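Each chain, letter by letter, is given below.
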Amino acid sequence: MRVKTILSEATLVIADLEVHLNGELRSSPTLCALLPASGKQAARVVPLNTPDGRPVLLSMDNAIALDGEPLRA
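The paragraphs below set out a description of the structure included in this document. (Residues numbered from 1 in each chain as written. Predicted model: local features only at pLDDT ≥ 70, side-chain atom pairs only at ≥ 80, totals over all residues. Heavy atoms only, no water.)

1. Focus: the overall build of the protein chain
Here is the rule we go by: A run of H or I in DSSP becomes a helix once it reaches four residues, and a run of E becomes a strand once it reaches two; helices and strands are each numbered from the N terminus. Think of it in three bands: with a 1.4 Å probe and only protein chains considered, a residue is buried below 20% of the maximum accessible area for its type, exposed above 50%, and partly exposed in between. The contact criterion used is simple: two residues touch if any of their non-hydrogen atoms lie within 4.5 Å. Here the open area of atoms and residues is found with the Shrake-Rupley method and a 1.4 Å probe, where only the protein chains shown may cover a residue.
Scanning the protein chain for helices and strands turns up zero helices and four strands. In the protein chain, the succession of helices and strands from N to C terminus is β-β-β-β. Taken along the three principal axes of its C-alpha coordinates, the protein chain extends 45 × 30 × 25 Å. The 73 residues of the protein chain split such that 25% are buried. Across the protein chain, contacts joining residues at least 24 apart in sequence account for 17% of those joining residues at least 6 apart. Total accessible area computed for the protein chain in this model is approximately 6,200 Å², and 56% of it derives from carbon and sulfur atoms.

Written as structure tokens, this is what we have:
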């Protein structure tokens, strides 16, 4: 296996995401890819695992746009 080309830059972060599950608002630390702003698109956070810790494939359908700079702990 080899890397042919790096297509874009991303940073791995652990974000405290809030989700609605079964009518309740819950939050949990979630492994995410932080994608920088590009062109007219704002910076985005893409979750890489579910709230219960199961991994998911990186999908832009799951991206969360950031209005401003994300809060850092």
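2. Description of the sheet that holds strand S2 (residues 24-35)
We count it as follows: By definition, two strands form a pair when at least two bridges between them are found by DSSP.
An order of S1-S2-S3-S4 is seen for the four strands of this open sheet, with the pairing classed as antiparallel. Of all strands in the sheet, those bounded by a partner on one side alone are strand S1 (11-21) and strand S4 (64-65). As judged from the four bridges shared by S2 and strand S3 (residues 44-47), these two strands associate in the antiparallel manner. When the bridges of S3 are listed, Cys32 appears paired with Pro47.

3. Thoughts on the pattern of salt bridges
Worth spelling out the cut-off: Each reported salt bridge corresponds to a side-chain nitrogen of Lys or Arg within 4 Å of a carboxyl oxygen of Asp or Glu.
Tallying each qualifying case throughout the model produces one salt bridge. Among the salt bridges present, the one from Arg26 reaches Glu24, with a minimum N-O distance of 3.7 Å.

4. What about the side chain of Arg44?
Note the following rule: Each polar contact in these results corresponds to two N or O atoms within 3.5 Å; when the atoms are within protein, one needs to be able to donate a hydrogen and the other to accept it, and residues that are neighboring in sequence are counted only if both atoms are side-chain atoms.
Residue placement: Arg44 occurs in strand S3. Note on Arg44: relative accessible area 15%, which makes it buried. Among the polar contacts made by the side chain of Arg44, one reaches the side chain of Gln41 at a distance of 3.4 Å. Sequence-distant contacts of Arg44, that is, excluding residues within four places in its chain, are made with Ala33, Leu34, Leu35, Met60, Ala63, Ile64 and Ala65.

5. Some points on the side chain of Asn49
Secondary-structure assignment places Asn49 in the loop between S3 and S4. Other than its neighbours up to four places away in sequence, Asn49 contacts Thr30, Leu31, Arg54, Pro55 and Val56.

6. Here's the deal with the pairing of S1
Pairing of S1 with S2 involves 11 bridges; the strand directions are antiparallel. In the sheet register, Thr11 faces S2, and the bridge partner there is Leu34. The hairpin formed by S1 and S2 contains two residues between the paired strands, and Asn22 there has a positive phi angle of roughly 50°.

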